[in-house]
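One letter stands for each residue in the lines below.
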Amino acid sequence: MSVKTKEFIHKVNKHLNGNVIVLGGWSKHYNGYIEHYDKHWIDISITPESVDLVCELGFKLNINGGHSWGGHIINQFTVMCGVKPNRYFLDVFVSNKLEGYKEINNLKILTPQANIKWHQEAYDMLQYEWLSEKIANLKNLYNI
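Since the model is a prediction, treat every value here as computed from it, not as a measurement.

**Here we look at the sheet that holds strand β3 (residues 59–62)**
Thought 1: If you walk across this open sheet you meet the 7 strands as β3-β4-β5-β2-β1-β7-β6, and the pairing is mixed. Strand pairing shows two members of the sheet lacking a second neighbour, β3 and β6 (101–104), which therefore form its edges.
Thought 2: The pairing of strand β1 (residues 21–22) with strand β7 (residues 107–110) spans 2 bridges and is parallel. Opposite V22, over in β7, you have I109 as the bridge partner.
Thought 3: The strands touched by helix α1 (residues 3–15) are β1, β2 (41–46), β4 (75–81), β5 (88–94) and β7; relative to β5, the strand with the most contacts, the crossing angle is about 40°.

The structure is reproduced here in structure tokens:
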């Protein structure tokens with residue numbers, strides 16, 4: 001695991017006054033389901049009030065065509081932070097509420113149950129087959 005990436009995640013958390021949930025691969029790592037995780041790509045969830053703050057961390061990259069997550073995600077974009085080889089990407093999901101997390105190492109980390117629930121709600125709205133496959137993979141990973 002990358003100590004520098006973990007330090008960066010804590011920097012993001014501090015800059016956003018703790019109003020961020022760590023999602024994706026890093027949430028799986030912090031929850032103990034992935035032992036080694038070295039990616040510089042960090043998925044996070046924030047509320048609309050934190051959009052300007054997260055954009056201060058780097059260069060905002062809009063996603064071509066917007067997002068396809070349904071109504072519970074207001075917006076999605078990426079923030080490129082730093083320069084190579086210490087460049088990080090924040091995949092930012094903007095939602096009206098932050099829920100389904102537990103605190104680990106002073107960070108809000110998405111729980112396995114909330115991860116599955118979130119993807120199930122998206123699948124129920126959108127009916128994308130890849131979401132159904134993602135849910136099955138998550139249930140298998142989490143032994144649920």
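**Structural notes on the side chain of N115**
Thought 1: Residue position: N115 is located in helix α4 (residues 112–126).
Thought 2: For N115, a relative accessible area of 4% corresponds to the buried category.
Thought 3: Residues within four places of N115 in sequence aside, it is in contact with K28, L110, L138 and Y142.

**Describing the pairing of β6**
Thought 1: Relative to β7, β6 runs antiparallel, the two being bridged by 4 bridges. Residue pairing in the sheet places Y101 in a bridge with L110 of β7.
Thought 2: Linking β6 back to β7 in an antiparallel pair, the connection comprises 2 residues, with N105 at a positive phi of about 55°.

**Description of the pattern of salt bridges**
Thought 1: Counted according to the given criterion, the structure contains 2 salt bridges.
Thought 2: Its salt-bridge partner being E99, residue K97 comes within 3.8 Å of it at the nearest N-O pair.
Thought 3: With relative accessibility at 53%, the residue K97 sits in the exposed group.
Thought 4: By relative accessible area, which is 45% here, E99 ends up partly exposed.
Thought 5: A salt bridge links K117 to E121, with the nearest nitrogen and oxygen atoms 3.8 Å apart. Here the residue K117 and the residue E121 both occupy positions in helix α4, the gap between them amounting to 4 residues, near one helical turn.
Thought 6: With a relative accessible area of 33%, E121 lands in the partly exposed category.

Rules used throughout
Residues numbered from 1 in each chain as written. Predicted model: local features only at pLDDT ≥ 70, side-chain atom pairs only at ≥ 80, totals over all residues. Heavy atoms only, no water. Pairing = 2+ DSSP bridges. Helix = DSSP H or I, 4+ residues; strand = E, 2+ residues; numbered from the N terminus. Contact = heavy atoms within 4.5 Å. Axes fitted to C-alpha atoms, helices over the stretch in contact; angles between N-to-C directions. Buried < 20%, exposed > 50% of the residue type's maximum accessible area, 1.4 Å probe, protein only. Salt bridge = Lys/Arg side-chain N within 4 Å of Asp/Glu carboxyl O.

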